[in-house]
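The chain contents come next:
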Amino acid sequence: MWGEVRDREAGKIFPSFFASRVRSRRVAALQLSNCKEIVSPHRGAINTIQVDLTERRYLLAGASDASVAIYDIQHASEHEQNGLIAKHRGLLVVDKQHEYGHKFAISSAIWYPVDTGLFITGSFDHDVKVWDTNTVQAIMDFKMPGKVYSTAMSSIATTHMLVAGGSADVQVRLCDIASGAFTHTLSGHRDGVMSLEWSSSNEFVLMSGGCDGAIRFWDIRRAGCFLVLDQSRSQLGRRPPISESALKKVPVTRTTAGKISARATTSQKRLHPGSGSKNSTIQTKGLNLTGGSTAQRLHPGMSSSLNRATSHYGAVTGLKATADGMYLLSSGSDSRLRLWDVESGCNTLVNFEAMRLQTSKPLQLAVTQDSALVFVPCMASVKAYHVWSGLTFQTFRGHYESVNCCYFNWHDQEMYTGSNDRKILVWSPNLLAVNEMEADDKTADQDNWSD
Amino acid sequence: MMSTELTAVTRGAAATTPRLIEKATNSTASELDTRLLKAIKLAARSNDDEISAAVDALMDQMKKPHSQVRYLTVLVIDELFMRSKLFRTIFVVNFDQFLSLSVGFRKNLPLPPPSTIAANLRSKTIELLEKWNSSFGVHYKQLRLGFDYLKNTLRYNFPNRIESASRLQQEKRERELRTKQILLDKFENLKENISSIKSDIQSTVDEIGQCLEIANVREGNPLDFNVEDNEFEELNSLSLRQIRLESLKEGEKVHENSENKAIFDALRESYRLLISKHLPSVQEWISVLVRVDTTDNKFRDMALKEFIDLRNLILLVNKRCTDCGISLDVIVAPEEDGDLWEEGKVEAYMPDDPISSTSKSEDSFTEPASQRRHDVVPPFDNKSSVSKLLISESVREKLLAVAPVLTWSPFLLDKWGSRNDVLANQRGLEIEGHWGRVDPDAVIPAEKIAEFNVHCTLYKEQPVEIRPCLAPLKKGGLCQRRDLKVCPFHGTIVPRNVDGNPIEQSPLFGVSNGQPSEEVEEKEQEKELSTEVNHIEPKQAEPRESPHSCKKLVEDLAKQAVLNVRQRDTDVKSVKRAKLAQVRKHNEAILREAAIASTSYSEAFADCTKAASLDIGFGVKAKKPTLASMLKKKVTARDRISRRLLSTKADDASSRRFTFGEDSKYREAFPNQW
């Protein structure tokens, strides 16, 4: 490690490369943290966990006992055992007794992506609430048509501040925090919507996974969904072969009218990183003019609503887009994890090793920033898989009941997991330096061979 | 990745611990074999790879579907867990799995049979978990999580031994602290007051001294009447001399009289004060000073010295006072004494009455009465007691054995052994001739009296031992049912041998000492020979002698003959079998010796092989309790009944298939043990 530092100073390796090396090394050393402990005041299963996107410091957790709590994960509230164990207590706790508290289990809690002044919670009492963090008051309340399973906000949005809410109802609703009203009702799913994810490359693209097993892509600027992922349409490898994709152009567009840069080559995309949507609109126009006969009669959004392609057998329980927005990971109640190429809408056929997933609850997956690893809650453990090979990298065991959510903090290379056993566990890199210090510090944990 | 490869490599190379662990956990004992345990520890200590191999092996053992194996594994784990840090770090990673296998908290993974050991396993694990958590919980989050989960989520009851012990300790410490504080307070108090206390005591002591002095001066020379007597020779007895000396001494003492009463009162007062108040207080102060934990040692030593001096002084004064006849008891006593004396006088008058009355009654005693008394009492005679002494113990024993046992009655001993006639015309009064004519001739003869006095007893049934049926039972063991003649389940009760086989096969020829069969025989004969044969005793009337039962006799004889032959046959067989067994045994012994002698290790591991042979080799035939036998369910009466009830519905074959399936499953799990 010190050699690398010297190399970096000498300019032999790029700083970014050095940083990524250090990061990946730390990620590889992840294990249950002994010295960092989150004292959970929740009396029910932890359903959702998120660290704020601005400071990477405040952990927001929502639980089945209708309580939400925020923890400071950088500064411990107290130390125990001669500073060996740092305890992080909730900075604020909102529970049923709270004036504006939810009545039933909280299924999702997310930070407002711009700052930590707001957070949004969705609950089984059909409400999506927007909270002011500083006053701990609900400042907005959206009535949803059913139990809210998930909420999502786009982290890259600059032109809108919409909260997407998926509920037991078939429609996905977009709630506008600015106006306090629903701006969109996205219909297309045939069952409740378990998971929602905004594209991390395009602020107008929302992805939704439903209990009907379909994953639908929505462009919020136009009606209907423009893409339904189909598990039978697959490609081998990370990229669709150019020639093949060119050949497939026409049939693909027929089934999935309104498609983003599926046909755009990689070089094109690099040239126009932010203009994916523009490309797509142009291309769609062109396609509509040149192509389809039967689908054309219908409104493009309506045609896709007739598409019954599924991406999982059973419900889609979790969605996670990679940081570059090019791939989407989905987990289903068929205990499979699939990696989708967003560009082509194809299943990449990465065979993730055998796993057993919870089927009845939305799962929260996590992906490292460099899209190398995906963390999947598998019953009482969390498994890390290599995204491209599907091999198990590590299994994190520590929870005693099913894990519902995990969150990977790329900034600190820490992982947080919430489970049905009411615990939030911190998984952090096993630091050698700390270990040595500990060994000096305490004599208690030593070999003791009396005979 | 690296580490897993490494362990995989080493597992191939050195794997002594797994083997040892497997051996140690494959036992039916409730404790680990100490020898094996020591070996495991030694092996694990030698090498880090051994420890990782041990963790794997232990987890494998934990997965075995047998609670006994798991229990022993948990014991091994505890031994290593408390010792090796590396073991802890590796073991703790899969801690939730370990807990689910040992506590069985997951509903879909209950603990395997046998259930009693499973309960043991659970409680032991919980106890150990608590211990581990208290000693290493700080360093291992997984331990804390497991402990917390079992305690707070699943609400398991932990023995909480450590906590309660620490609480007791805490309480004790607090108590000590409090007493220390109190002592310190007292000490501070003493520091301030020591001079006043001292002066108090000193003044009292002075007062007493003065009083004594005054009293002595007043008395001057006490009564001198006890000059040396000339009758000294008379007091030859030692005790008398003693008394006299005492009285002389007594005379020397200052005696209280009306003149010095005031002084004595004052003296007594201050003496009482000294003894009842100052002495205890001084003693208490001393103990305080001894116990107190203070920095001011100089003052303490000084004070301690002073108080000890004071105590000695008080004791000295006390002695002087007691010498002078002043004691606290005396001070309290005198008034009561006078009273007692008064009463005593009254009492002295009282005894007159009973004495006179008794003498009167004695006068009125009549001759026969005294005579009778004489009759009754002889055993208490001097002579008899002497004779009793003379009679040796053995004779007495003999007599006791002969002597009849009689229930007690008032008249029993009155006439015991007397052969006298008794006057007939008695009216129950003993006064002679007072109530009319007494005919001295009218007597009841002794024989008659004896007849009257014939001792009658109620018949008491002797407790008869009813022997158990002892027929062999299906579930093993013998029938313990006690019936007189016929057991409702096994028919007529016949004498049986240890295995429950009847000793005598034929019920007709009950020639053995069995009572019931004899009776049966009797009845049979009675039926046959009711008129013709006049049989007095059954044994004399042998059936063979009767001509009428000739046919039957022949039949019986034939039967007997067949039986005899068979018996001889079986005898021969059993003898043969015994011989064969002996031969086999001998062969085995020789083979074993040969094996031990021929192998190269045998010299070095002679004792090991011996032990091992007990474990594995030839001991198999000795039917040691095995793990499999523990799993086997004991068939209770209830099971049998239910099976009988169910058998009407379920066909035999299916149940057989089912049990066979279980059996084979078990064989798979424990390939070396069925």
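The rules behind these values
- Residues numbered from 1 in each chain as written.
- Chains lettered and ligands numbered in written order.
- Predicted model: local features only at pLDDT ≥ 70, side-chain atom pairs only at ≥ 80, totals over all residues.
- Heavy atoms only, no water.
- Helix = DSSP H or I, 4+ residues; strand = E, 2+ residues; numbered from the N terminus.
- Buried < 20%, exposed > 50% of the residue type's maximum accessible area, 1.4 Å probe, protein only.
- Contact = heavy atoms within 4.5 Å.
- Areas by Shrake-Rupley, 256 points an atom, 1.4 Å probe, with all protein chains shown as cover.
- pLDDT = per-residue confidence, 0-100.
- UniProt positions renumbered as here; feature names shortened; annotations may be inferred.
- Buried area = accessible area lost by both parts, 1.4 Å probe.
- Salt bridge = Lys/Arg side-chain N within 4 Å of Asp/Glu carboxyl O.
- Polar contact = N/O pair within 3.5 Å; in protein donor to acceptor, adjacent residues only side chain to side chain.
- Axes fitted to C-alpha atoms, helices over the stretch in contact; angles between N-to-C directions.
- Left-handed = near helix turned anticlockwise from the far one by under 90°.
- Phe/Tyr/Trp six-rings, centres within 6.5 Å; stacked < 30°, edge-to-face > 60°.
- Lys NZ or Arg CZ within 6 Å of the ring centre and 35° of its normal.
- Pairing = 2+ DSSP bridges.
- Core = buried A, V, L, I, M, F, W, Y, C linked by side-chain atoms within 4.5 Å.
- Lys, Arg positive; Asp, Glu negative; His and termini not counted.
- Expected span 1.5 Å × (residues − 1).
- Bend = angle between axes of the 7 residues up to and from the residue.

Q: Hey, could you go over the overall build of chain A for me, with residue numbers and the actual values?
A: Counting its regular elements, chain A contains seven helices and 31 strands. Counting over 451 residues, chain A shows a buried share of 55%. Relative to all contacts within chain A whose residues are 6 or more apart in sequence, the contacts with residues 24 or more apart total 50%. A total accessible area of about 19,300 Å² is found for chain A, and carbon and sulfur atoms account for 52% of it.

Q: So what about the confidence of the model for chain B? Which residues, and what values?
A: Residue and element names in this part refer to chain B. Taken over all residues, the pLDDT of chain B has a mean of 71, while the share at 70 or more is 62%. Low pLDDT (under 50) marks residues 1-13, which in the prediction has five contacts with non-local residues, meaning those over four places away or in another chain. For residues 526-547, every residue scores under 50 in pLDDT, and the model assigns this stretch 16 contacts once sequence neighbours within four places are set aside. Model confidence for the complex: the whole-complex pTM is 0.56, and ipTM, which rates the interface, is 0.79.

Q: Quick one: what's the story with the UniProt feature "repeat: WD" (unreviewed entry) in chain A, residue by residue and with numbers?
A: All names here are of chain A. Here the UniProt feature "repeat: WD" (unreviewed entry) sits at residues 99-141, 186-221, 309-350 and 396-428. In this annotation, residues 186-221 is assigned 0% helix and 50% strand; the end-to-end C-alpha distance for the span is 11 Å. A distance of 11 Å separates the end C-alpha atoms of residues 396-428, which is 0% helix and 61% strand.

Q: Run through the UniProt feature "coiled-coil region" (unreviewed entry) in chain B, naming residues and quoting values.
A: With numbering matched to this structure, UniProt assigns "coiled-coil region" (unreviewed entry) to residues 173-207 of chain B. Overall, residues 173-207 of chain B shows 100% helix and 0% strand. The separation of its end C-alpha atoms is 46 Å.

Q: A description of the interface of chain A and chain B should follow, citing residues and the corresponding values.
A: Taken together, the 26 residues of chain A in the interface contact 32 residues of chain B. Overall, the association of chain A and chain B removes approximately 2,700 Å² of surface from exposure, summing both partners, and the carbon and sulfur fraction of that is 49%. The interface formed by chain A and chain B holds four salt bridges in total. Linking Glu37(A) and Arg144(B) is a salt bridge whose minimum nitrogen-to-oxygen distance equals 2.4 Å. At the junction of chain A with chain B, the criterion picks out 12 residue pairs in polar contact (both at pLDDT 80 or more).

Q: Can you break down the side chain of Ser381(A) residue by residue, with the values?
A: Structurally, the position occupied by Ser381(A) is in strand β27 (residues 381-386). If near-sequence neighbours (up to four positions away) are discounted, Ser381(A) is found in contact with Val376(A), Thr395(A), Phe396(A), Arg397(A) and Val403(A).

Q: An account of the packing of helix α2 (residues 16-25) of chain B against helix α4 (residues 48-62) of chain B is requested, with residue identities and associated values reported.
A: All names here are of chain B. Remark: α2 packs on α4, axes separated minimally by 8 Å, with the N-to-C direction vectors making an angle of 35°. The interaxial crossing formed by α2 with α4 has right-handed handedness. Between α2, through Thr16, Thr17, Pro18, Ile21, Glu22 and Thr25, and α4, the contact on the second element is made entirely by Glu50, Ala53, Ala54, Ala57, Leu58 and Gln61.

Q: Which residues make up helix α7 (residues 95-102) of chain B, and what are the values?
A: Within α7(B), seven of the eight residues are buried, which leaves the element mostly enclosed by the surrounding structure. What α7(B) keeps buried is the set Phe95(B), Asp96(B), Phe98(B), Leu99(B), Ser100(B), Leu101(B) and Ser102(B). The secondary structure elements touched by the buried residues of α7(B) are β28 (392-397) of chain A together with α4, α5 (67-81), α6 (85-91), α8 (115-136) and α9 (141-153) of chain B. In the segment just after α7(B), Gly104(B) is the residue with positive phi, at about 70°.

Q: So, the packing of aromatic side chains: which residues are in play, and what are the values?
A: For the structure shown, the criterion picks out 26 aromatic pairs over all chains. When the centroid spacing of 6.0 Å and the interplanar angle of 80° are considered together, the rings of Phe81(B) and Phe91(B) count as edge-to-face. Residue Phe81(B) is located in helix α5, and its partner Phe91(B) is located in helix α6; the two are separated by 10 residues in the primary sequence. Of the two residues examined, Phe81(B) and Phe91(B), each falls in the buried class. On the basis of an interplanar angle of 70° and a centroid distance of 4.9 Å, the ring pair of Phe91(B) and Phe98(B) is categorised as edge-to-face. Of the two residues, Phe91(B) and Phe98(B), both sit in the buried class. Geometry around Phe124(A) places Lys147(A) over its ring, the cationic atom sitting 5.2 Å from the centre. Sitting above the plane of the Phe136(B) ring, Arg88(B) keeps its charged end 3.7 Å from the centroid.

Q: Requested: an account of the pairing of strand β19 (residues 215-219) of chain A, with residues and values cited.
A: All names here are of chain A. Among the five residues that make up β19, five are buried, leaving the element largely enclosed by the rest of the structure. Burial of β19 is two-sided: the residues Ile215, Phe217 and Asp219 facing one way and the residues Arg216 and Trp218 facing the other way are all buried. Where strand β18 (residues 205-210) folds back on β19, the antiparallel hairpin that results is connected by four residues, among which glycine 213 adopts a positive phi of roughly 90°. Judged from the three bridges that link them, β19 and strand β20 (residues 225-228) form a sheet pairing that is antiparallel. Looking across to β20, one finds that arginine 216 is bridged to valine 228.

Q: Could you give an account of the confidence of the model for chain A, with specific residues and numbers?
A: Across chain A, pLDDT averages 82, with 82% of residues at or above 70. With pLDDT under 50 throughout, residues 244-295 of chain A is counted as low confidence; its partners more than four residues away or in other chains account for 51 contacts.

Q: So what about unusual backbone geometry? Which residues, and what values?
A: For the bond from Pro113(B) to Pro114(B), the omega torsion is -5°, close enough to zero to count as cis. Residue position: Pro114(B) is located in the loop between α7 and α8. The backbone of Val136(A) sits at a positive phi, close to 50°, despite the residue not being glycine. Relative to the elements of secondary structure, Val136(A) occurs in the loop between β11 (127-132) and β12 (137-143).

Q: Can you explain the pattern of salt bridges? Please cite residues and give values.
A: Scanning the model with the defined rule gives 24 salt bridges over all chains in all. In this structure, Glu4(A) engages Arg25(A) in a salt bridge whose closest nitrogen and oxygen atoms are separated by 3.0 Å. Pair noted here: Glu4(A) is in helix α1 (residues 2-10) and Arg25(A) is in helix α2 (residues 15-28), with a separation of 21 residues, a long-range link. What makes Glu4(A) buried here is its relative accessible area of 12%. What makes Arg25(A) partly exposed here is its relative accessible area of 37%. Via salt bridges that share partners, Glu37(A), Glu80(A), Lys87(A), Lys141(B) and Arg144(B) belong to a single interconnected network.

Q: Lay out the nonpolar core with the relevant residues and their values.
A: Phe375(A), Phe91(B), Phe95(B) and Phe98(B) are the most contacted members of the largest nonpolar core, which totals 67 residues. For Phe98(B), the contacting residues outside a window of four places in its chain are Met59(B), Met62(B), Val74(B), Ile77(B), Phe91(B), Thr125(B) and Trp132(B). Counting residues in hydrophobic clusters, the runner-up holds 33 residues, among them Ile263(B), Tyr271(B), Phe307(B) and Leu310(B).

Q: Could you give an account of the sheet that holds strand β14 (residues 162-167) of chain A, naming the residues involved and the relevant values?
A: Residue and element names in this part refer to chain A. With antiparallel pairing, the four strands of this open sheet are ordered in space as β13-β14-β15-β16. Each edge of the open sheet carries a strand with a single partner, namely β13 (148-153) and β16 (181-186). Ignoring strand direction, the axes of neighbouring strands in this sheet form an average angle of 25°. When β13 meets β14, the two strands line up antiparallel, connected through five bridges. Directly across from alanine 152, in β14, lies its bridge partner alanine 164.

Q: If you had to explain the sheet that holds strand β7 (residues 85-88) of chain A to someone new, which residues and values would you point to?
A: Paired through their backbone hydrogen bonds, the strands of a sheet run either parallel or antiparallel. Residues and elements named next belong to chain A. The sheet built from three strands is open, its strands ordered β2-β7-β6 with mixed pairing. Whereas interior strands pair on both sides, the edge strands pair on one side only; in this sheet they are β2 (36-38) and β6 (78-80). If you compare each strand with its neighbour and ignore which way they point, the axes differ by 30° on average. In this structure, β6 lies alongside β7, joined through three bridges in antiparallel fashion.

Q: Can you break down the side chain of Arg496(B) residue by residue, with the values?
A: All names here are of chain B. Mapped onto the elements of the fold, arginine 496 is located in the loop between β4 (491-492) and α21 (515-528). Here arginine 496 sits buried without a salt bridge, and the closest side chain of opposite charge, aspartate 483, lies 11 Å off (N-O distance). A polar side-chain atom of arginine 496 sits 3.4 Å from the main-chain carbonyl oxygen of cysteine 469. In contact with arginine 496, not counting residues within four places along its chain, are Cys469, Leu470, Ala471, Pro472, His490, Asn501, Pro502 and Ile503.

Q: So what's going on with helix α12 (residues 261-291) of chain B? Which residues, and what values?
A: Taking 1.5 Å per residue as the helical rise, α12(B) with its 31 residues ought to reach 45 Å, and the 44 Å between its terminal C-alpha atoms agrees with that figure. His278(B) marks where α12(B) bends most, by close to 35°; the proline Pro280(B) follows one to four residues later.

Q: Please give an account of the environment of Met207(A) that cites residues and values.
A: Residue and element names in this part refer to chain A. Tracing the backbone shows methionine 207 in strand β18. Note: C-alpha distance between methionine 207 and leucine 319 (112 residues apart in sequence) is 8.1 Å. Among all residues touching methionine 207, those that are not within four sequence positions of it are Ser195, Leu196, Glu197, Trp198, Ser199, Arg216, Phe217, Leu319, Ala321 and Leu328.

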